[in-house]
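Each chain, written out:
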Amino acid sequence: MAKQIITLTVNGETHEVAAEPRELLVYVLRERLRITGPHVGCETSHCGACTVDMNGKSVKSCTVLAAQADGAEITTIEGLGNPDGLHVLQEMFREHHGLQCGFCTPGMITRAHRLLQENPNPTEEEVRFGMAGNLCRCTGYQNIVKSILAAADQMNGNTSSSSEAVGHSNMEAAE
Amino acid sequence: MIPAGFDYHRPDSVQAALSILTEHGDEARVVAGGHSLIPMMKLRMAEVPHLIDLQAIAELKGICIDGDTVTIGAMTTQHELITDDALADFAPIMREAALQIADPQVRYMGTVGGNVANGDPGNDMPGLMQALDAVFTLVGPNGTREVAARDFFEAAYMTAREDDEILTAIRFQCPIGGQAYEKQKRKIGDYATAAAAVILTKEGGACTGASIAMTNLSDTPVQCLASAEALVGSACNGEALDKAVTEMLAVIDPGEDNRGPVEFKKHVAGVILRRAIARAWDRG
Amino acid sequence: MGWEYDSGDYHTAWDKALATVGYDALRAEQAQMVEDFKAGKTRKLMGIGLCHFTEIVGAGPVKNCDILGMGMFDSCEIRIHPTGSAIARLGTISQGQGHATTFAQILASEIGLPADSITIEEGDTDTAPYGLGTYGSRSTPVAGAATAMAGRKIRAKAQMIAAYLLEVHDDDVEWDVDRFVVKGAPERFKTMKDIAFAAYNQAIPGVEPGLEAVSYYDPPNMTYPFGAYIAVTDIDVDTGEWSIRQFYALDDCGTRINPMVIEGQVHGGVTEGLAIAMGQEIAYDEMGNCKTGTLMDFFLPTAWETPHYVTDFTETPSPHHPIGAKGVGESPNVGSVPAFSNAVHDAFRAFGLRQSHMPHDHARIWKIANGLGLHG
């Protein structure tokens, strides 16, 4: 149960951290590496505030042990953009009022980033299905969805916003 | 919430994992995606002095279709099941069911092996595996053995797997005919109020074979042999369909919980089964 | 002796809501669905939930409202810097409602400095003026009013400075967006930025240096925002599942300061209303254990269960608020819960439903249908 050396590549920088295996990834990031973008929300893998990208997958870092992450490549919100150079998703969340209190936002954007990597041109319905692992209690999701669709458009070189229509069928297409 | 301390092991072969498991006996458990076990460890409802992480074992991963048989490594994630087009052609019900499990982040971590081996009655894969008549490969100190999904689940969280065995793969034949996985849940991330996996073959407008299993309506998945039998020879409607539902209701045993009272769950189970049968029939 | 509504134009809002959603067509479709249901052609029903509401927010007049004896005024302190930027400190606190935007825009309109050169500071009790905080949609009605009133004090002093600089009488200058202009001579003016510099750096007879103001605003009345909400819900009679087909929210919160901020408040509040109406519950078993202690059992909707909202507005200013604004944050919660709940109830109205109970989770909706004999 002693500490062990865990190697994490976070936002392109490799860190060696002495941590107990039982420590959760979110704590290692926040408390040991002072990377505080991933938030501790529900702690029960429901809310998604702690979402980070691990080896190209969106994961809830409250439910990943530090030891499981040993050797992993991690991207947090800090790795996507910064105040001097916002990521297009951050830009669009600002533009379209995609956040209010901001607590869910790092997880939202980190998840949305992976979603758009896998599906660069999603419908509103696909965004809603693909973002269903992240809870927000301020925005009712409407402007989050709008921001993500706008970011997809920008990343695809368009300037207009996507369709506003939504239905609840055909969720296969969303994954 | 942080789990109690444990020693972490990350073996790179099944044999290495087994030897750790053998060495530590009851004190050791294997972890796949961890989204069932880690929350229990955080709540201190599970104490695991030796945690054996299977992530580095390459032989536990991958989907291999060989003729009319597919073998899926236990560490294959739900996300991988969903995004594998060959598997979706081979057995579309796998993608249909996996999409209804948890949420995107959990599906990146959750594995098919973990989903079946945990023996949680709320999990979706056990019932589906029974409908597919899948076979699980278990490797233990005394070698390899195979157990049919239909014989595997004994009670909630109790399975035919011995504590010193690791479930390494699932295997099933290409399902013939129409398939449907129908699930009612309260929201994304919820377990089923009722779910039905149905596979039907038909010839000349009559059902020639049926396989049905229900999820989260008992402390194990419930294979519904009599329901399937009721459908054979029929057009999956009318009295045959009614009988299939009645036979299903005779073998499920749902309990009241936050999803609703028993009476409601039984009614919904009937509705969900009818819908799954109708869709499978249309797709056949 | 009771409360007096400040302003309202309820029929206009209601008529606009009904026309926008195509109410008559929805009723016709619903009637057809009932007929089809009775004929065995469908197992789905549709409900239309209507809610017209009036809120009472912006507590409140000190003569009526207090917390443990402390009157429910609110406050704003403004300091204009010599450079023409400004900081305003308020007794409220934003949890994401966009105060920094809303209050900066109120102030920008009053004093003619760009909103992005105005810093809004809240929540630091070492520096903030006394205030009663943010809740119950009181920030804009009370602290927003204080901001406008303090801004007007700034402008009054700025007028004296401008008149001195322009060598005319105070009454001979008039305000024009961001400057005082000599009446009849629009080429002669001083911008607020010019005035701010002069206020600190030029000796002006009879005028103290500096450009600051404080307002402690005791509202004469509450504000009474109102709205018309319509929810359309499809119901699966056999499973109790629901799906929100359409949700329309018309809010009238008087003068609208920032439409995007208002709509954001509405989206969030309606979603909370959805949760409350359709599943959220803190339930206990007979031993007193909480049964809904996780986010799987305590219904907090995801983006998937949440519909796309249509927002709309009418604009009926409050006659007593300095800029006519009313509160809005609480409105969607007030209007949406009954709208969603009424929609469920309405779906079964044709079958004689008299009473139904929230939250309308699958099991309760199923029970309604079962009680009405709709399961055959």
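Residues numbered from 1 in each chain as written. Chains lettered and ligands numbered in written order. Predicted model: local features only at pLDDT ≥ 70, side-chain atom pairs only at ≥ 80, totals over all residues. Heavy atoms only, no water.

- Looking up chain B in an unreviewed UniProt entry gives the name Carbon monoxide dehydrogenase medium chain, with the organism given as Tropicibacter naphthalenivorans.

- As annotated in an unreviewed UniProt entry, chain A carries the name Carbon monoxide dehydrogenase small chain and is attributed to Tropicibacter naphthalenivorans.

1. A word on the domain arrangement of chain A
All names here are of chain A.
In step 1: For chain A, the assigned domains read domain 1 (4–79) and domain 2 (88–157).
In step 2: Taking the mean C-alpha position of each, domain 1 and domain 2 sit 21 Å from one another.
In step 3: Listed by partner, the interface residues are 18 residues for domain 1 and 13 residues for domain 2.
In step 4: Here domain 1 meets domain 2 over a buried area of about 1,100 Å², counting both sides, of which 56% is carbon and sulfur.
In step 5: Taken together, domain 1 and domain 2 are joined by 1 salt bridge.
In step 6: Across the pair Asp-53 and Arg-114 runs a salt bridge whose closest N-O atoms are separated by 2.9 Å.
In step 7: Here domain 1 is connected to domain 2 by 8 residue pairs in polar contact (both at pLDDT 80 or more).
In step 8: At the level of secondary structure, the elements contributing two or more residues to the side of domain 1 that touches domain 2 comprise strand 3 (51–54) and strand 4 (57–60).
In step 9: Of the residues in the side of domain 1 that touches domain 2, the class split is 5 nonpolar, 10 polar and 3 charged. (Domains from an automatic or database assignment. Contact = heavy atoms within 4.5 Å. Buried area = accessible area lost by both parts, 1.4 Å probe. Salt bridge = Lys/Arg side-chain N within 4 Å of Asp/Glu carboxyl O. Polar contact = N/O pair within 3.5 Å; in protein donor to acceptor, adjacent residues only side chain to side chain. Helix = DSSP H or I, 4+ residues; strand = E, 2+ residues; numbered from the N terminus. Nonpolar A, V, L, I, M, F, W, Y, C, P; charged D, E, K, R; others polar.)

2. Remarks on helix 11 (residues 238–251) of chain B
All names here are of chain B.
In step 1: Between its first and last C-alpha, helix 11 extends 21 Å over 14 residues, near the 20 Å set by a 1.5 Å rise per residue.
In step 2: Among all positions in helix 11, only Ala-240, Leu-241, Ala-244, Val-245 and Met-248 are buried. Buried residues in helix 11, looked at end-on, bunch into an arc of 140°, giving them a common side. Every exposed residue of helix 11 that faces more than 90 degrees away from the buried side is listed here: Glu-239, Thr-246 and Ala-250.
In step 3: Close packing links the buried residues of helix 11 with strand 13 (206–215), helix 10 (225–231) and helix 12 (262–283). (Expected span 1.5 Å × (residues − 1). Buried < 20%, exposed > 50% of the residue type's maximum accessible area, 1.4 Å probe, protein only. Arc of directions from axis to C-beta.)

3. Focus on the nonpolar core
In step 1: Counting residues in each nonpolar core, the largest one holds 45 residues, and the members touching the most others are B:Met94, B:Met125, B:Met129, B:Phe136 and B:Phe172.
In step 2: In this structure, this core is formed jointly by two domains, domain 2 (58–173) and domain 3 (178–283) of chain B, each of which donates at least three residues.
In step 3: Excluding residues that lie within four positions of it along the chain, B:Phe136 makes contacts with B:Val116, B:Met129, B:Arg145, B:Glu146, B:Val147, B:Ala149, B:Phe152, B:Phe153, B:Leu167, B:Ala169 and B:Ile170.
In step 4: In terms of nonpolar packing, the next biggest core, distinct from the first, is built from 43 residues, C:Leu107, C:Ile111, C:Ile118 and C:Ile204 among them. (Core = buried A, V, L, I, M, F, W, Y, C linked by side-chain atoms within 4.5 Å.)

4. A closer look at the pattern of salt bridges
In step 1: Inspection of every chain in the model, using the stated rule, returns 41 salt bridges over all chains.
In step 2: Notably, a salt bridge pairs A:Glu124 with A:Arg128, separated by 3.0 Å at the nearest N-O pair. Here the residue A:Glu124 and the residue A:Arg128 both occupy positions in helix 5 (residues 124–130), the gap between them amounting to 4 residues, near one helical turn.
In step 3: Among the residues examined, A:Arg128 registers a relative accessible area of 0% and is labelled buried.
In step 4: Across the pair C:Glu263 and C:Arg256 runs a salt bridge, and its minimum N-O distance is 4.0 Å.
In step 5: By relative accessible area, C:Glu263 is classed as partly exposed at 28%.

5. A look at the interface of chain C and chain A
In step 1: Contacts between chain C and chain A engage 25 residues on the former and 26 residues on the latter.
In step 2: Interface area, chain C with chain A, both sides summed: about 2,300 Å², of which 59% is carbon and sulfur.
In step 3: At the surface where chain C touches chain A, the tally comes to 1 salt bridge.
In step 4: C:Glu272 is paired through a salt bridge with A:Arg137; the nearest N and O atoms lie 2.5 Å apart.
In step 5: Top contributing element to the side of chain C that touches chain A by residue count: helix 6 (residues 259–278) of chain C, with 8 residues.
In step 6: Looking at the side of chain C that touches chain A residue by residue, the class counts come to 11 nonpolar, 13 polar and 1 charged.

6. Things to note about helix 3 (residues 88–95) of chain A
Given 3.6 residues to a turn, an α-helix orients residues that are three or four positions apart in the same direction.
Residues and elements named next belong to chain A.
In step 1: Regarding helix 3, the residues found buried are Leu-89, Gln-90, Met-92 and Phe-93. In an axial view of helix 3, the angular spread of the buried residues amounts to 165°, which keeps them on one side of the axis. When the buried face of helix 3 is taken as reference, the exposed residues oriented beyond 90 degrees from it are Arg-94 and Glu-95.
In step 2: In this structure, the buried side of helix 3 is in contact with helix 2 (77–80), helix 4 (105–118) and helix 6 (142–155).
In step 3: His-97 lies just past helix 3 and shows a positive phi near 60°.

7. Examining the pairing of strand 5 (residues 86–90) of chain C
Residue and element names in this part refer to chain C.
In step 1: Within strand 5, 5 of the 5 residues are buried, which leaves it mostly tucked inside the rest of the structure.
In step 2: Residue alternation in strand 5 divides its side chains into two sets, Ala-86, Ala-88 and Leu-90 and Ile-87 and Arg-89, and both sets are buried.
In step 3: Relative to strand 5, strand 4 (residues 74–80) runs antiparallel, the two sharing 5 bridges. Bridging across to strand 5, Glu-77 finds its partner in Arg-89.
In step 4: Linking strand 4 back to strand 5 in an antiparallel pair, the connection comprises 5 residues, with Gly-84 at a positive phi of about 95°.
In step 5: Sheet analysis places strand 5 next to strand 6 (residues 118–122), joined by 5 bridges and oriented parallel. When the bridges of strand 6 are listed, Arg-89 appears paired with Glu-121.
In step 6: As for the winding sense of the linkage, the β-α-β connection from strand 5 through helix 3 (residues 99–111) to strand 6 is right-handed. (Pairing = 2+ DSSP bridges. Right-handed = clockwise from strand over helix to strand, strands pointing away.)

8. Side note on a nonpolar patch on the surface
In step 1: On the surface, a nonpolar cluster with roughly 370 Å² of combined accessible area is contributed by B:Met1, B:Met40, B:Leu43 and B:Met45.
In step 2: For B:Met1, the location among the structural elements is in the segment before strand 1 (7–9). (Patch = residues over 30% accessible without salt bridge, like charges linked within 9 Å, V, L, I, M, F, W, Y side chains within 5 Å. Areas by Shrake-Rupley, 256 points an atom, 1.4 Å probe, with all protein chains shown as cover.)

9. Details of unusual backbone geometry
In step 1: Omega for the bond connecting C:Ala59 with C:Gly60 falls within 30 degrees of zero, at -25°, which places this linkage in the cis form.
In step 2: Tracing the chain through its elements places C:Gly60 in the loop between strand 1 (44–54) and strand 2 (66–67).
In step 3: With an omega dihedral of -10°, the bond running from C:Met358 to C:Pro359 counts as a cis peptide bond.
In step 4: Turning to its location among the elements, C:Pro359 is positioned in the loop between helix 7 (331–347) and helix 8 (362–371).
In step 5: One non-glycine residue, A:His97, lies in positive phi territory at about 60°.
In step 6: Along the chain, A:His97 turns up in the loop between helix 3 and helix 4.
In step 7: Looking at A:His97, the relative accessible area reads 11%, which means it is buried.
In step 8: If you check the backbone angles, B:Asn216 has positive phi at about 60° while not being a glycine.

10. Quick notes on the interface of chain B and chain A
In step 1: Listed as interface residues are 33 residues of chain B and, on the opposing side, 36 residues of chain A.
In step 2: With both chains or domains summed, chain B and chain A bury close to 3,000 Å², and 61% of this area falls on carbon and sulfur atoms.
In step 3: Here chain B and chain A share 2 salt bridges between them.
In step 4: In this structure, the salt-bridge partner of B:Asp103 is A:Lys60, at a minimum N-O distance of 2.6 Å.
In step 5: Applying the counting rule to chain B against chain A returns 14 residue pairs in polar contact (both at pLDDT 80 or more).
In step 6: When contributions to the side of chain B that touches chain A are tallied by element, the ones reaching two or more residues are strand 1, helix 2 (37–42), strand 3 (50–53), helix 3 (78–83) and helix 6 (104–109) of chain B.
In step 7: A per-element tally of the side of chain B that touches chain A places helix 6 of chain B first, with 6 residues.
In step 8: Of the residues belonging to the side of chain B that touches chain A, the class tally is 17 nonpolar, 8 polar and 8 charged.

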